[in-house]
Amino acid sequence: MAATAESAPVTLPVPDPAPVTEEVVVVEAAVTEEPAEEVKTAVAAEAPKDTSLQFASFKEESNFVADLKEPEKKALQELKVRVEEAIKNNEFVEPPPKEETAAESKGEAAEEPKEEVKIVTAETSVAEEVSETKVSAETEIPPAPEAPAAAVETEEPKPAVEVAEVKIAEAEEEVKPAEAGEEVRPAEAGEEVKPVPEAGDEVKPVPEGEIPPAEVEPAAEEAVIAEEVYLWGVPLLPSKGDERTDVVLLKFLRARDFKVSDAFTMLKNTILWRKKFGADSILEEEFGNELDGVAYMHGFDKEGHPVCYNFYGVFEDKELYNKTFGDDVKRDKFLRWRVQFLEKGIRQLSFSPGGINSMVQITDFKNSPGLGKWEHRQATKKAVALLQDNYPEFVAKKVFINVPWWYLALNTMISPFVTQRTKSKFVVARAARVSETLFKYISPEHVPVQYGGLSRENDEEFNAADGGVSEQIVKAGTKHIVEIPTTEVGSTLVWDLVVSGWEVSYGAEFVPSAESGYTVIIQKARKFAPNEEPVRQSFKIGEPGKVALTVDNTSSKRKKILYRSKVKTA
């Protein structure tokens, strides 16, 4: 009846030539450039021994307006006013393509001269038509010496001018005075010229006091010209009174240190980019399941933020790497997939002042293709720039694990140039401290088993309603026994157990309450390797007693035991 622990692949620690502290802050931009060989050597040699700067952990600011400082309240109000005006003026709409001038379209004018000179309408004055015809002609032939205006009338008329004169004469004949005997005078400079009806159109008199339809249309257009603007499902028009609007605007303000002009520019660029990129409809696109292992959402941190895990080790597969980064088209597809995945994660956020409005990102560099590969570096740089420009303040904490040795050392050089706010969000854990570091921010029941936690995908035994995880400290050179009473005969006891860093011996047995009963060996004691996954075992209870889990710490360091149990009724 003995049960055995589940086996798991061994995680090899990355080289760590220079002692570093358990955690060091880091900037994500560092992954986009790889230092030269001489820089690697110099940085490694200069890396301080256990003296890396420690920064206070990032604490999210409140999104309630009442909790803001006075300058922040003022900045938010100013931004709301600018956004309100911009939406009403349609500033968040991509401007139409710029019309070509006569000089820019010179080539086309030479091929189709009639298109350029037929700009004359019955609404323009004689002087305007002659002037426009002259300009068009000058764009078609080399410029000649200037001649007096009167010379134009004495010269032999060109076909274009002739057409213009005929049209003007026809228009003058068709436009009859309102009353007999009334003289039609030419339009004076600066005077608005009313549109002239086409030949055959009936001109109906407008009753006194009624506004002509032509004058009503512009006002009607202005009433519907403003386009509704939404960002992640949140209306941006402040006058709508949605409290989520403040949360979105505060993200852009904080990303730009509450500089209203910079925040507004960033917001506008983001909206225009989303329309061009198609970000609002990207959830409908299909990318297959080849990249499912690259990023996945799993559990929540201790404050309720959804946690996203990024594992680039899957690109160790050359075939998958070439399918993803082989050319520009494939890299652009990967970028769209990455944006789609982020948009799915954002849908878990509430955008309410008291809700969860950011997430935790875990990036695992184990077996990553590295920055030596140009294709991967290009895709990474483009993705980092795009996310930084268009997704402000969506990261509550960024934890890097299994990073290359130079990444840790390079942090020492980069840290002085990074703001305190940014540095407080980023954390790097040594390979030997991955589980311990993750447990500081995420409860063990939410950390995947491959990182030393107790959470398994599609777990049918434990769920969030089953309660938390118990902890015990085992001192160096001592033995600790966890006893779990079993009284429900016929039921099954299920338990999980993991020791941080392992390197201890573990065994399990059932001890009956009756003196005449026999002890049952469930797990023969054996030493577990440092990176083995947690143990999950079960035992069917045939009689009252207890299950004893024994951890023998023969190492020179204290160890932490994490365990949980559950009784399943038959």
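For the structure itself, look to the data block above.
Residues numbered from 1 in each chain as written. Predicted model: local features only at pLDDT ≥ 70, side-chain atom pairs only at ≥ 80, totals over all residues. Heavy atoms only, no water.

(A) Quick look at the overall build of the protein chain. Helices and strands together make up the secondary structure of the protein chain, namely 16 helices and 16 strands. The buried share among the 570 residues of the protein chain stands at 39%. Relative to all contacts within the protein chain whose residues are 6 or more apart in sequence, the contacts with residues 24 or more apart total 78%. Carbon and sulfur atoms make up 52% of the accessible area of the protein chain, which totals about 33,200 Å². (Helix = DSSP H or I, 4+ residues; strand = E, 2+ residues; numbered from the N terminus. Buried < 20%, exposed > 50% of the residue type's maximum accessible area, 1.4 Å probe, protein only. Contact = heavy atoms within 4.5 Å. Areas by Shrake-Rupley, 256 points an atom, 1.4 Å probe, with all protein chains shown as cover.)

(B) Geometry of the packing of aromatic side chains. All told, the structure shown has 22 aromatic pairs when counted by the stated rule. Look at Trp502 and Phe528: their rings are 4.4 Å apart centre to centre, the planes differ by 20°, and that puts the pair in the stacked class. With Trp502 in the loop between strand S11 (492–499) and strand S12 (505–512) and Phe528 in the loop between strand S13 (520–527) and strand S14 (535–540), the pair connects residues that are 26 residues apart, well separated along the chain. Phe528 carries the same exposure label as Trp502, and that label is buried. Taken together, Trp232, Phe252, Trp273, Phe277, Phe351, Tyr391 and Phe394 form an aromatic cluster joined through their ring pairs. Its end group placed over the ring of Phe394, Lys251 keeps NZ or CZ at 4.2 Å from the ring centre. A cation over an aromatic ring shows up here: Arg526 above the ring of Phe528, its NZ or CZ 3.7 Å from the ring centre. (Phe/Tyr/Trp six-rings, centres within 6.5 Å; stacked < 30°, edge-to-face > 60°. Lys NZ or Arg CZ within 6 Å of the ring centre and 35° of its normal.)

(C) Representation of the sheet that holds strand S15 (residues 545–552) in the model. Strand order in the open sheet formed by 4 strands is S10-S15-S12-S13, with antiparallel pairing between adjacent strands. Each edge of the sheet is formed by a strand with only one pairing partner; in this case those strands are strand S10 (479–486) and S13. Going from strand to strand, the sheet's axes swing by 15° on average, the running direction of each strand aside. One ladder, built from 5 bridges, connects S12 with S13; its direction is antiparallel. Bridging across to S13, Ala508 finds its partner in Gln523. (Pairing = 2+ DSSP bridges. Axes fitted to C-alpha atoms, helices over the stretch in contact; angles between N-to-C directions.)

(D) Representation of the packing of helix H2 (residues 70–88) against helix H9 (residues 243–255). For the pair H2 and H9, the least separation of the axes is 10 Å and the interaxial angle reads 110°. Overall, the two elements H2 and H9 adopt an arrangement that is roughly perpendicular. Along its contact with H2, which presents Ala75, Leu76, Leu79, Lys80 and Val83, the element H9 presents Asp246, Leu249, Leu250 and Leu253. (Parallel < 35°, antiparallel > 145°, perpendicular 65-115°, else oblique.)

(E) Examining the pattern of salt bridges more closely. On inspection of all chains with the given rule, the structure shows 26 salt bridges. Lys546 is the partner of Glu483 in a salt bridge, and the nearest nitrogen-oxygen pair spans 3.1 Å. With Glu483 in strand S10 and Lys546 in strand S15, the pair connects residues that are 63 residues apart, well separated along the chain. One salt-bridge network, held together by shared partners, links Glu61, Arg254, Glu393, Arg421 and Lys425. (Salt bridge = Lys/Arg side-chain N within 4 Å of Asp/Glu carboxyl O.)

(F) Examining the packing of H9 against helix H10 (residues 260–277) more closely. Their axes nearest at 8 Å, the elements H9 and H10 cross at an angle of 120°. Classified by the angle their axes make, H9 and H10 are oblique. Where H9 crosses over H10, the two elements pack in a sense that is right-handed. Seen from H9, the contacting residues are Leu249, Phe252, Leu253 and Ala255; seen from H10, they are Val260, Ala263, Met266, Leu267 and Thr270. A per-class count over the contact of H9 with H10 returns 8 nonpolar, 1 polar and no charged. (Left-handed = near helix turned anticlockwise from the far one by under 90°. Nonpolar A, V, L, I, M, F, W, Y, C, P; charged D, E, K, R; others polar.)

(G) Representation of the side chain of Thr486. Within the secondary structure layout, Thr486 lies in strand S10. Accessibility expressed as a relative area gives 1% for Thr486, which makes it buried. Of note is the side chain of Thr486, whose polar atom sits 3.4 Å from the backbone nitrogen of Lys546. Once you skip the residues sitting within four places of it in the chain, Thr486 turns out to touch Leu493, Phe510, Ile541, Glu543, Pro544, Gly545, Lys546 and Val547. (Polar contact = N/O pair within 3.5 Å; in protein donor to acceptor, adjacent residues only side chain to side chain.)

(H) View of the sheet that holds S14. Reading across the sheet, the 4 strands line up as S9-S16-S11-S14 and stay open at both edges, with antiparallel pairing between neighbours. Looking along the sheet, the strands with just one partner apiece sit at the ends: strand S9 (470–474) and S14. Averaged over all pairs of adjacent strands, the angle between their axes in this sheet comes to 25°, without regard to strand direction. The pairing of S9 with strand S16 (residues 559–568) spans 5 bridges and is antiparallel. Across the sheet, the residue bridging to Ser470 is Tyr563, located in S16.

(I) Local environment of the environment of Gln537. Following the sequence through the fold, Gln537 ends up in strand S14. The spacing of Gln537 and Leu497 is 40 residues in sequence and 8.7 Å in space, taken between C-alpha atoms. Only 2.7 Å separates the side chain of Gln537 from the side chain of Tyr506, close enough to count as a polar contact. Among the polar contacts made by the side chain of Gln537, one reaches the side chain of Gln523 at a distance of 3.1 Å.

(J) How the structure looks around the pairing of S12. Across 8 bridges, S12 lies against S15 in antiparallel orientation. For Ala508, the partnering residue across the bridge sits in S15 and is Leu549.

(K) Local environment of helix H13 (residues 374–390). In this model H13 runs 25 Å from its N-terminal to its C-terminal C-alpha over 17 residues, within 8% of the 24 Å that 1.5 Å per residue would give. When H13 is considered as a whole, its buried residues turn out to be His376, Arg377, Ala379, Thr380, Ala383, Val384, Leu386 and Asn390. Contacts made by the buried residues of H13 are with H10, helix H11 (318–325) and helix H12 (328–346). (Expected span 1.5 Å × (residues − 1).)

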